[in-house]
Amino acid sequence: MNLRTAFSLATFGIVVLPTSAHKSTFEGYKVYQIEVGSNHEASLKSRLQELPIIELSHSHGHGGASTLDIAVPPEHLEAFDALNFTAAILSEDLGADIAAEGPLGPYPAFDDFGIPGLSWFDSYHAYEDHIRYWADLHSAFANNSELIQAGVSFEGRPIQGIHLWGSDGRNSKPAVFFNGNVHAREWITSMVVEYLLYQIVTGYENDTIVRAALDNYDFYVLPIVNPDGFVYSQTNYRLWRKNRQVRDNTTEVGTDINRNWSVGFGGDGSSSSPGSETFSGYAAGDTPECAALMEFAQVLAADKGIKLYIDWHSYAQVILLSYGYTCDDFPPNIERQIDLAAETAARIAQPYNTTFDYGPGCIVLYQSSGNGRDYMTDAAGTEFGWGIELRSTSYGFVLPAEQILPSGQEIWEGMKYLWANM
Ligand SMILES: [Zn+2]
């Protein structure tokens, strides 16, 4: 907002909150990928602790090569260089990437199905427009869907989405349960989940694979399970990850909803410190978002059971199987899971050669305790409790808008295979 606008609005007695004045632009921030190499991650992080860097992602690739991606503010670049890490530059200017990500898009015109056409996937969108989009999907598919609400976020936003079913009617089949955008900054996740919804709604009539999937499973899809964080990532701080929960005796805001589940709660790969990006909370389920999701999962589990759970993330390009909380134990059906994940990854690679790794999360990515997929596997009887990290390892969280559609298309290929063969 410029001063002229502020002045003219003020003239008419309208109070304008200066949100844009506090919006972080990340101008001049550089993004590095540090080779962890023989350094232990803990010692590397302690050397970094002096600097106000932003932790983006870390990964244990195949062959044991570990990397840590971080963003460094311009005023600390010199101090970072002095630490002499072996590091590649992923971005020269994170602020420029965010500018290139494009403005939030307009609400598109309807296509022949009576819903916004594929141009929905040409840009990212404001939270309110996502809600409107789910309602429009439901209206276009009214006999086979309903809008659902799992609970309410810390700031009071409904955690909502859509339930779709096939020929045997509502609640007649085992569940496929999808959670998107649990991490606020992973904007591509809600867009890709919506692409899957769009394909189901528009394909059910004529596409035999879609019809079979929806006739075999009830789909419960919550595209944005962290609405407070998501809104904050759009209005104030693009790289926000956690929810927006405040707690007693600390000025730090936010708990990592994906460390707050009861299975493996508080173990390695989560933090008890409120300032950490992986702060688990003080007790399992003490975030309203995670409590609502656990309760919702229990209802599905007690009803027709959960066949497949996918928690959608970005940007490591990997299919994560259970477990995350331990590297030494595996679900009894792990070999079947690995076979399915391998072929799903092969199908994802078909359209654009995007490579997805796969395997137990603790082994292929990193240890994470109190996560959703482990809960689904151990506490909700889910046959396949998965997480999928979408593209892109080269762009990170700030994925250009022209990659939304390709990302959706490649995942759609993987999902069609998975749903028909699981
Ligand atoms: Zn994530």
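Residues numbered from 1 in each chain as written. Predicted model: local features only at pLDDT ≥ 70, side-chain atom pairs only at ≥ 80, totals over all residues. Heavy atoms only, no water.

Attention now goes to the sheet that holds strand 3 (residues 66-72). In space, the four strands of this open sheet follow the order 2-3-1-4, with antiparallel pairing throughout. Each edge of the sheet is formed by a strand with only one pairing partner; in this case those strands are strand 2 (54-60) and strand 4 (87-91). If you compare each strand with its neighbour and ignore which way they point, the axes differ by 20° on average. Relative to strand 4, strand 1 (residues 30-35) is paired through four bridges, and the arrangement is antiparallel. Bridge pairing in strand 4 links Q33 to A88. (Pairing = 2+ DSSP bridges. Helix = DSSP H or I, 4+ residues; strand = E, 2+ residues; numbered from the N terminus. Axes fitted to C-alpha atoms, helices over the stretch in contact; angles between N-to-C directions.)

One can read the domain layout of the chain as domain 1 (30-100) and domain 2 (118-235 + 275-421). Summarising the inter-unit geometry, the C-alpha centres of domain 1 and domain 2 are found 28 Å apart. Carbon and sulfur atoms supply 49% of the area that domain 1 and domain 2 bury against each other, a total of about 1,100 Å² over both sides. Taken together, domain 1 and domain 2 are joined by zero salt bridges. At the level of elements, strand 2 and helix 4 (94-100) are the ones that each hand at least two residues to the side of domain 1 that touches domain 2. Residues belonging to the side of domain 1 that touches domain 2 are distributed by class as follows: five nonpolar, five polar and three charged. (Domains from an automatic or database assignment. Buried area = accessible area lost by both parts, 1.4 Å probe. Salt bridge = Lys/Arg side-chain N within 4 Å of Asp/Glu carboxyl O. Nonpolar A, V, L, I, M, F, W, Y, C, P; charged D, E, K, R; others polar.)

Bringing the nonpolar core into the picture now. Among the nonpolar cores identified, the biggest contains 61 residues, and F178, F219, W312, M415 and W419 are the most heavily contacted of them. In terms of residue count, the dominant contributor to this core is helix 6 (residues 187-203) (11 residues). Every residue in contact with F219, bar those within four places of it in the chain, is listed here: I162, H163, L164, V176, I200, A213, L214 and W419. (Core = buried A, V, L, I, M, F, W, Y, C linked by side-chain atoms within 4.5 Å. Buried < 20%, exposed > 50% of the residue type's maximum accessible area, 1.4 Å probe, protein only. Contact = heavy atoms within 4.5 Å.)

Moving on to the pattern of salt bridges. Applying the stated criterion to the full structure yields 16 salt bridges. The closest approach of N and O atoms between D303 and K304, which form a salt bridge, is 3.2 Å. Classification of D303 as partly exposed rests on a relative accessible area of 38%. Overall, the relative accessible area of 41% leaves K304 in the partly exposed class. The residue E343 makes a salt bridge to R347 at a minimum N-O spacing of 2.8 Å. Of this pair, E343 and R347 both sit in helix 10 (residues 334-352), separated by four residues, roughly a single helical turn. Connected via shared salt-bridge partners are E155, R157 and D228.

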